[in-house]
Amino acid sequence: MTIRYAIRPAQPAAHIFHVTVTVAHADPAGQQFRLPAWIPGSYMIREFARHVVRLTALSGDRKVAVRKLDKHTWRCAPVDGEVTVAYEVYAWDLSVRAAHLDATHGFFNGPSVFLQAVGREEDDCRIDILPPAGVRGWRVATALRRARGTATGSFGTYLAANYDELIDCPVELGDFALGRFDVLGVPHEIAITGRVPRLDMPRLTSDLARVCATQVRLFEPRRPLPPFDSYLFLTWAVDEGYGGLEHRNSTALLCQRSDLPHLGLGESTEGYRRFLGLASHEYFHAWNVKRIRPAAFVPYDLARENHTRLLWVFEGFTSYYDDLALARAGLLTETQYLDTLAATLTTVTQRSGRLKQTVGESSFDAWIKYYRQDENAPNSVVSYYQKGALVAAALDLSIRAESAGRRSLDDVMRLLWSRFKRAGAGYLGVGEDEIPALVEEATGLRMARALREWSDGTRDPDFARLLAPLGVSVARRPALDVPHFAWLGASTRRDGPDCRLASVHDGGPAQAAGLSAGDALVAIDGLRASAATLDRLLARYRPGETVEILAFRRDELMRFDVRLATLPPQRFGFALSPTQSAATRRMRKAWIGPR
C-alpha cells in the first residue's frame, strides 16, 4: 500500500504550508493520524502539533468528521475506502528542527509537517512537493528519492520506503547555491541558502570531501564506502546562529555567513574551522546514532520521551571525532587541534555541575535538563556532548598507551559498525550497560573500571597523565590576564544597557552575598557598572576586599556587600603544549594525523 502526501508553500507571507495525506484503505474503525512530539537528534518534546492551524477530512466528495483524541492524535469517522486529511502548518521556526517559510525560501523537517497514518508506518510513501504560487526561481534540495519524471532539483514527486524514511529527509525550497563533490565515488552536495558574498564553493567542497573521506576510512578501512548512495548538506547562512541536525543521508546546518570561506581567504579562520567541525559532527552521525543506535531508539517512539543513558557515547564520541577528523584530514594543525581539546577541558571543568551529575544521568535527563537549561545549569548540569568528548579522548588515550599504539577508540567504533552491518534490519541497538564490554572486546584490554568511573561517576580524567606519553604537557592559567584578579563568582550577559547576572556560581562571593541570576548590576562602590566596564572595575580590587554593589532585582534597588575572592584553580583555563621529541611526534601523528 502507498500513503500519498502533498505539501505546498501555500502562503509564504503568512508562513503557512498546506499539507494533505491520503490513505487508500482506511482503518474501518476510524483511521487515526498522529504528528510526532519530537524529532530524533534533538531530545526535547517540541509538540509539533501546536503549529497545526486547522484540519479537515474528506472521503471522495464527502466531508468526514474528525475528533482529536489527545495533544497530537486525530481520528476520522469510519469510512469505506479512501480518506484524505488536509491541514495547514504554521512554519516560523528558524532552526534546523522544525519548519520555516517566507517569501525567500521554505524548509521543513518531516516530523513537523507530515502526519503519521497510525498502523500504516511501514507502507511506502509518495510525496508531491508543489511550488508556491506566483514565486519564480525556486528549486528543491532533499535527500528523498525522485520518482520517475521528476528532474533533479525540481518540484514534483518524491518517494520514501516508509514513514521513518519520509521524516528523516528534510527539504529546502528556494534559490540556493549548490556545490557538488564526490567522496570515494559517492555523490555529495551542499546547498547554501542565504547571501554569502564571494563564496569560495570550490574550496568548501574540496575541504568537505577530505573530511568525509577521512570518516569513511575510519569505519571502512579495507573497502572505504559510505553507507548511503548520496549525501546532502543543507545549510542556512544567517547573521547569527549555529546548529546542526543529523539525518540518514543528509544534514541540516545553521551557521553565520561569515563562517563560510570567501575567495582569497588564505589561511582558514576560526569561524570556518567551526563550520567544518559542525559539518564533520553531523556527517559522523550517519554512522553513530543514525545506524548504530541505543537500544532505546530501536525503534523510535515519537509520541513520548525515549530515555537512554548513552547519549554521552552517541553525541559525546561524535563530538570527540568531529575536530579529530578535521586534523586527520589536514584541515587543523596539531596545535589547533590541541587548542580545541584544551577549550573543551576548560569549558567542562569551569562548571561545578560536572561534580553533581554524571554523563549517564545527563543523557537520561536530556529531555528535562540539558535542552531546558536555566540560570542554575552551570551548577547542576554537565554536557554529555563536551564531557562525553572528554571521556572519549581519555578512553582513546588510555587504549593507545596500554596497547603500545596497537589499538585505539577507532577499533571500538569499527566493532560497533560491524555489529550493525551484520545484523542489518534486525539490529537491536546498543544495550544500556553494553559499552564497557564492547570496549574490552574491541581492544583486548581491561578498561571497564576506568570507563565506569568516568561515565557513571563524576571523576575528571587525569589528562596530564594521559597526554604525557604523547609528549603533550598540560598547564592551567587564569582565563583573564589580570594581576591579583578579584573574582566575583558570577557570569554576566548584556541586556540592552544593563549588565545582568546570567548565573551565580556555587560557593562564590556573589552567591554568599545574596546576589542572584537576573539581577541587573548598577554600580560598584559608587561607579556605574556595565557589561563593558565590569572587568575593569573589578581589576581595581584585590581578593579579600569588600565592595558595595547596587543592583536591581526586578524593579527593586538592592544593596550587597560582596567580599571578593581569589580566582579558584577550577576557573583557570587549560593550555596543551606538544614537545618536539621524534618518538612522541610519531605517536601524536598516529593519533591526530594528518593521514
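Everything below is about the structure shown above.
Residues numbered from 1 in each chain as written. Predicted model: local features only at pLDDT ≥ 70, side-chain atom pairs only at ≥ 80, totals over all residues. Heavy atoms only, no water.

A.B. asks: Please set out the overall build of the protein chain residue by residue, giving values where relevant.
C.D. replies: Counting its secondary structure elements, the protein chain contains 16 helices and 31 strands. For the protein chain, the C-alpha radius of gyration of 26 Å lies close to 25 Å, the compact-globule estimate for 595 residues. Projecting the C-alpha coordinates of the protein chain onto the three principal axes gives extents of approximately 80 × 65 × 50 Å. Per-residue burial for the protein chain yields a buried fraction of 55% across its 595 residues. Of all intrachain contacts in the protein chain linking residues separated by at least 6 positions in sequence, the fraction that spans at least 24 positions is 69%. With 75 positive and 68 negative side-chain charges, the protein chain shows a separation of 3 Å between the mean positions of the two kinds. (Helix = DSSP H or I, 4+ residues; strand = E, 2+ residues; numbered from the N terminus. Rg over C-alpha atoms; globule rule 2.2 N^0.38 Å. Buried < 20%, exposed > 50% of the residue type's maximum accessible area, 1.4 Å probe, protein only. Contact = heavy atoms within 4.5 Å. Lys, Arg positive; Asp, Glu negative; His and termini not counted. Charge placed at Lys NZ, Arg CZ, Asp CG, Glu CD.)

A.B. asks: How would you summarise a negative patch on the surface if you had to cite specific residues and measurements?
C.D. replies: Together, E361, E432, D433 and D456 make up a region of like negative charge exposed at the surface. Relative to the helices and strands, E432 is located in the loop between α10 (409-423) and α11 (435-443). Since its relative accessible area comes to 32%, E432 is described here as partly exposed. (Patch = residues over 30% accessible without salt bridge, like charges linked within 9 Å, V, L, I, M, F, W, Y side chains within 5 Å. Areas by Shrake-Rupley, 256 points an atom, 1.4 Å probe, with all protein chains shown as cover. Salt bridge = Lys/Arg side-chain N within 4 Å of Asp/Glu carboxyl O.)

A.B. asks: Describe helix α9 (residues 386-402), with residues and values.
C.D. replies: Its 17 residues place the ends of α9 24 Å apart at the C-alpha level, agreeing with the 24 Å of an ideal helix rising 1.5 Å per residue. Counting buried residues along α9, 14 of its 17 residues qualify, which places the element largely inside the surrounding structure. Residue A404 follows α9 closely and has a positive phi angle near 55 degrees. (Expected span 1.5 Å × (residues − 1).)

A.B. asks: Give me the lowdown on the environment of D93, citing residues and values where you can.
C.D. replies: With respect to the helices, strands and loops of the structure, D93 is situated in the loop between β8 (83-90) and β9 (99-101). D93 sits 25 residues away from K68 along the chain, and the two C-alpha atoms are 25 Å apart. Aside from chain neighbours lying at most four places away, what touches D93 is A98, A99, H100 and W236.

A.B. asks: An account of the side chain of S95 is requested, with residue identities and associated values reported.
C.D. replies: Along the chain, the position of S95 falls in the loop between β8 and β9. Using a relative accessible area of 6% as the deciding quantity, one classes S95 as buried. Looking at S95, its side chain comes within polar contact range of the main-chain nitrogen of R97, at 3.1 Å. Not counting chain neighbours up to four residues away, the residues in contact with S95 comprise F107 and W236. (Polar contact = N/O pair within 3.5 Å; in protein donor to acceptor, adjacent residues only side chain to side chain.)

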